[in-house]
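# A closer look at the structure
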Amino acid sequence: MVSFTHDGEGTPESHWRRWEQEREAGGNLQVEELFDGRLPARFLLLAAHPDDETLGAGGLLARLSREGVRCDVVVLSDGEASHPGSPTHPPHRLAELRRTEVADALQILAPAAQLTFEGLPDGGLGHDDVAAVLRRELGDGDSLTLVAAPWRHDGHPDHDAAGSAAAEVCGELDVPLLEYPIWLWHWGTAEDSADQLATLSFQWLDAADHGRKGTALAAHLSQTLPLSDAPGDETLLSPGILEHFERNFESFFVTRGSSTFERLHRDRADPWEVAERFYEQRKRALTMAALPRRRFCRTLEIGCSVGALTRELAAVSDNLLALDTSETAVRRTNEALIMDEAATARLATVPRDWPREDGPFDLIVLSETGYFLTADQLDAVVDLIKASLDDDGVLVLCHWRHPIEGWELDGDAVHERVRRLSGLETLVLHTEEDFLLEVLVPAPASSVARREGLL
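Below is a summary of the structure that appears in this document. Counting restarts for each chain, with residues numbered from 1 along the sequence as it is written. For a predicted model such as this one, the threshold for reporting local features is a pLDDT of at least 70, and the threshold for listing and counting side-chain atom pairs is 80 or more; totals across whole chains, interfaces and linings nevertheless cover every residue. Side-chain measures here rest on the full set of heavy atoms in the structure, leaving out hydrogens and waters.

### What to know about helix α4 (residues 127-138)
Stated formally: Numbering of helices and strands starts at the N terminus; helices are DSSP runs of H or I of at least 4 residues and strands are runs of E of at least 2. By definition here, a helix of n residues has an expected span of 1.5 Å times n minus one. Any residue under 20% of the maximum accessible area for its type is buried, any over 50% is exposed, and the rest in between are partly exposed; the area is computed with a 1.4 Å probe on protein chains only. When we speak of the arc, we mean the arc of directions from the helix axis to the C-beta atoms. Contacts between residues were defined by any pair of non-hydrogen atoms, one from each residue, lying within 4.5 Å.
The terminal C-alpha atoms of α4 lie 16 Å apart, and with twelve residues this matches the ideal 16 Å at 1.5 Å per residue to within 8%. Those residues of α4 lying buried are Val130, Ala131, Val133, Leu134, Glu137 and Leu138. In an axial view of α4, the angular spread of the buried residues amounts to 160°, which keeps them on one side of the axis. For α4, the secondary structure elements touched by its buried residues are β1 (42-47), β2 (70-77), β3 (114-120), β4 (145-150) and α5 (157-173).

### Re the sheet that holds β4
Applied cut-off: At least two bridges found by DSSP between two strands are what make those strands a pair. All axes are obtained by fitting lines to C-alpha atoms, using only the stretch in contact for helices, and the reported angles, taken between N-to-C directions, cover 0 to 180 degrees.
Taken in spatial order, the seven strands line up as β3-β2-β1-β4-β5-β7-β6 in an open sheet, and their pairing is mixed. Each edge of the sheet is formed by a strand with only one pairing partner; in this case those strands are β3 and β6 (200-204). Direction aside, the axes of adjacent strands within the sheet are offset by 25° on average. As defined by bridge partners, β6 adjoins strand β7 (residues 249-255) across five bridges and the pair is classed as antiparallel. Residue Trp204 lies in a different strand from β7, and its bridge partner there is Phe249. Strands in contact with helix α2 (residues 52-66) are β1, β2, β4, β5 (177-180), β6 and β7; relative to β7, the strand with the most contacts, it is inclined by about 90°.

### A look at the pairing of strand β13 (residues 425-431)
Two elements, β13 and strand β14 (residues 435-441), share six bridges in a ladder whose sense is antiparallel. Looking at the pairing, Thr431 lines up with Leu436 of β14. Linking β13 to β14, which pair antiparallel, is a turn of three residues.

### Overview of the sheet that holds β13
Across the sheet, seven strands lie side by side as β10-β9-β8-β11-β12-β14-β13; this open sheet has mixed pairing. Edge positions in the sheet fall to β10 (343-347) and β13, since each of these pairs with one other strand and no more. On average, each strand axis in the sheet is inclined to that of its neighbour by 15°, with strand direction left out of account. Both strand β11 (residues 361-367) and strand β12 (residues 389-400) contribute to a ladder of six bridges, which runs parallel.

### What about unusual backbone geometry?
For the peptide bond that leads from Gly359 to Pro360, omega is 0°, which places it in the cis range. Structurally, the position occupied by Pro360 is in the loop between β10 and β11. Backbone torsion omega between Ala443 and Pro444 reads 0°, so that peptide bond is classified as cis. On the secondary structure map, Pro444 appears in the loop between β14 and α17 (448-451). In this structure, Ser305 takes a positive phi of about 50° despite not being glycine. The exposure class of Ser305 is buried, given its relative accessible area of 14%. For Glu368, which is not glycine, the phi torsion reads 55° and is therefore positive. Relative to the helices and strands, Glu368 is located in the loop between β11 and α15 (375-388).

Next up, the structure:
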């Protein structure tokens, strides 16, 4: 375990500024990517002591609360041991003060958040006690819950216990976990911690949330100012330490849970019953009939599920690449394609893992996938499609038209957005109560009859 004291000489923030500037691009946290393009339904923020929640994740808490996510803050200890030699504030008085301070801070960061105090001993948090708290909070687990906890290697025994327990329980329940370092910035250096820092992700804060975090931190007066002029009542968080938390970003070690779609495919062999339902069989037949050419050189399918449509696309493609965010779905699709050496499925999340090196494509299929992206993600995918579609390429869209609970877009919105942003023209449009099927091509759109010289 790292040995340090809060009042010892620590690493100056100027050191970390240089590290931030020299840090390679990437590693930026997009919370929505942890939940298949959605925000979580719940954010559970675990603090070892009052003030950890503000220091480590106050900006993220403010953002998620503002965007309507249910936020729960669980403070494990009351921080009563922060000034063990205080002549003016015995532990019980300090505990009361620190409870008030964290409540005041949350009124600034997330007024609707539910605050729970566990009253566990400051300086004596046990792994098993923290794990029991988390199991009570999480129950059997929820794929739409995001947990944040202190980093398991932060060097403070309470932080390490809380982070270790969170990693264990979240791993068991397959719940995404963010671990926030606090004391790392005091005792660590970019050189000595290079391997760990390489896995760190940044959550950038807008000006409003950054301001809320600064104001909330000022509410923790017992930590940021002296309790009195008497020896033993000195400031715990010096200006040099506080400077680490004036950044316009927060830092997290991210442990991803399984995606919603991985859970679906892992729990059911055919989640949407695409093999058996006549509705699905007919929709695939209509999709294939809408293609304006007999064959395609290189096909990209975005979101293949168990590969029912993939097999039919492979039959009219010289080469086919299918993508899915579910490892189980990719495995089943590759099993379905085992007799076709020119077709394969790959684990990928778009737009992040767009297969630039495999293009250009003369057929791209986005079927029952667009509404599982945020509007911004869909816009990025449209830009990538435009860059990857060859001059005579074909884009096929097909989407369910009924409500999609829990997602930002619906089928009609997806088609309207792609049509507007792509610059492509509609060649085929099939509209039913249940789904839209649309084929878009570069302008000018030329019908099959015109291409074959019948007009």
